[in-house]
Amino acid sequence: MSIKPFNDSSGTLTAAERARASILIIDSDSNDRNNMRIAIKSLGYGNFTDAPNHAMALEKLAERKVTHIIFEAKKTNMPANEFLSKVLQFDIKIIAIPTSFEPNIDDVFDLLVMGARGYIVKPFTSDALDSALVQASKGEPISEAVLKAKDRNEALVALTMASLDKAATVLRQASQFETAKREIPRAMAFMRRSAELAKTFCKGGEEGLMEALEKFCLERSKGPASKLGRLRQRLRTNRVKEDGTPEDEVADKASPEENL
């Protein structure tokens, strides 16, 4: 049986989507596994199974189709990062969510870089579990932004500011276009998730995050404010590279409109 992807932009999971989800739970604590099963069932998710360790979970993965995997971020009989790597090699579309009592440890962040979709803090509530599943299913992965950054805090700040820009754009467009209004819940949820990730995983605590935010904003303030301005800046830079003309002379020769 083929399972449809969770690819709409509503920011929620419908009853039909929950019913066709298939969730694999990995936790070495039997009580935690049982609590997770009870919560998942109460939230309307249709199919779920569990395993006490990562190796047994891989065996189950080979036997049945799953859409989501909720797994311990710590080592059982296999390191969690090795497990996640094998899962994504098996099926890149699987939505993998690590769980941990200490979500600020480096290991959890490394799993996010590898391709994990969010995280669940233990002990969890049903609402927190549902929110994590929805955001992992409908939200955007963070690994691309993280991999391009020079350090973790820069990546987290860039992600937060990008989500803020996107939310502002959607809100502005929603005043003119009905289709944009449907994007508001997803954009706002992504912004909240980005801010939560930044606060949880930043190095140096809130002070480290604030320093990275100040640096990011200062760097952004030095560049052109619009796409047109950034394009003109790139064109001027290219002219400097091609004919060797000093950049200040290129700027002097530009039209008044081009210098805006």
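Residues numbered from 1 in each chain as written. Predicted model: local features only at pLDDT ≥ 70, side-chain atom pairs only at ≥ 80, totals over all residues. Heavy atoms only, no water.

Lay out the packing of aromatic side chains with the relevant residues and their values.
Counted under the stated rule, the structure contains 1 aromatic pair. Ring geometry for F71 and F83: centres 5.4 Å apart, planes at 55°, overall tilted. Here F83 lies in helix α4 (residues 80–90) and F71 lies in strand β3 (residues 68–72), a separation of 12 residues in the sequence. (Phe/Tyr/Trp six-rings, centres within 6.5 Å; stacked < 30°, edge-to-face > 60°. Helix = DSSP H or I, 4+ residues; strand = E, 2+ residues; numbered from the N terminus.)

Quick one: what's the story with the packing of helix α8 (residues 152–174) against helix α10 (residues 184–201), residue by residue and with numbers?
The axes of two packed helices give the description: the angle between them and the distance between them. In contact at an axis separation of 9 Å, α8 and α10 are set at 160° when each is read in the N-to-C sense. Between α8 and α10, the interaxial angle falls into the category roughly antiparallel. Judged by the sense of rotation from one axis to the other, the crossing of α8 with α10 is left-handed. Counting all contacts with α8, which are made through R152, L156, L159, T160, S163, L164, A167, V170, L171 and A174, the residues of α10 involved are I184, A187, M188, F190, M191, S194, A195, L197, A198 and F201. Residue composition of the contact of α8 with α10, by class: 16 nonpolar, 3 polar and 1 charged. (Axes fitted to C-alpha atoms, helices over the stretch in contact; angles between N-to-C directions. Parallel < 35°, antiparallel > 145°, perpendicular 65-115°, else oblique. Left-handed = near helix turned anticlockwise from the far one by under 90°. Contact = heavy atoms within 4.5 Å. Nonpolar A, V, L, I, M, F, W, Y, C, P; charged D, E, K, R; others polar.)

Describe in detail the nonpolar core, supporting the description with residues and values.
The biggest cluster of nonpolar side chains holds 34 residues, and the ones touching the most others in it are I69, F71, F83 and F201. Among the elements of the structure, β1 (22–26), α3 (54–63), β3, α4, α5 (106–114), α8, α10 and α11 (205–222) are those that each provide at least two residues to this core. Looking at this core, the element that brings in the most residues is α4, giving 5 residues. Excluding its chain neighbours within four sequence positions, the residues that come into contact with F83 are I26, H54, A57, L58, I69, F71 and M78. Counting 19 residues, the second largest nonpolar core, distinct from the first, contains M36, I97, L129 and L133. (Core = buried A, V, L, I, M, F, W, Y, C linked by side-chain atoms within 4.5 Å. Buried < 20%, exposed > 50% of the residue type's maximum accessible area, 1.4 Å probe, protein only.)

Before we move on, could you go through the side chain of K122 and cite the residues and values that matter?
Relative to the elements of secondary structure, K122 occurs in the loop between β5 (120–121) and α6 (126–138). Residue class for K122 comes out buried when judged on its relative accessible area of 8%. At a separation of 2.8 Å, a polar atom in the side chain of K122 contacts the side chain of D27. Reaching out from K122, the side chain makes a polar contact with the side chain of D32 at a distance of 3.4 Å. (Polar contact = N/O pair within 3.5 Å; in protein donor to acceptor, adjacent residues only side chain to side chain.)

Now, about the environment of F48: what can you tell me, with residues and values included?
Along the chain, F48 turns up in strand β2 (residues 47–51). Setting aside residues up to four positions removed in sequence, F48 forms contacts with I23, R37, I40 and K41.

How would you summarise α11 if you had to cite specific residues and measurements?
Taking 1.5 Å per residue as the helical rise, α11 with its 18 residues ought to reach 26 Å, and the 27 Å between its terminal C-alpha atoms agrees with that figure. Listing the buried residues of α11 in full gives G208, L209 and A212. Within α11, the buried residues cover an arc of 95° as seen down the axis, which keeps them to one side. Facing away from the buried side of α11 by more than 90 degrees, the exposed set consists of E206, E207, L218, S221 and K222. Contact partners of the buried residues in α11: α8 and α10. (Expected span 1.5 Å × (residues − 1). Arc of directions from axis to C-beta.)

Let's hear about the sheet that holds β3: which residues, and what values?
Spatially, 5 strands are ordered β2-β1-β3-β4-β5 in an open sheet, and the strand pairing comes out parallel. The open sheet is flanked by β2 and β5, the only strands paired with a single partner. In the sheet, β3 pairs with strand β4 (residues 95–100) via 5 bridges, with the strands oriented parallel. Across the sheet, E72 pairs through a bridge with T99, a residue of β4. On the sheet, helix α2 (residues 30–42) packs against β1, β2, β3 and β4 and is oriented at approximately 175° with respect to β2. Packed on one face of the sheet, α4 meets β1, β3 and β4 and runs near 165° to β3. (Pairing = 2+ DSSP bridges.)

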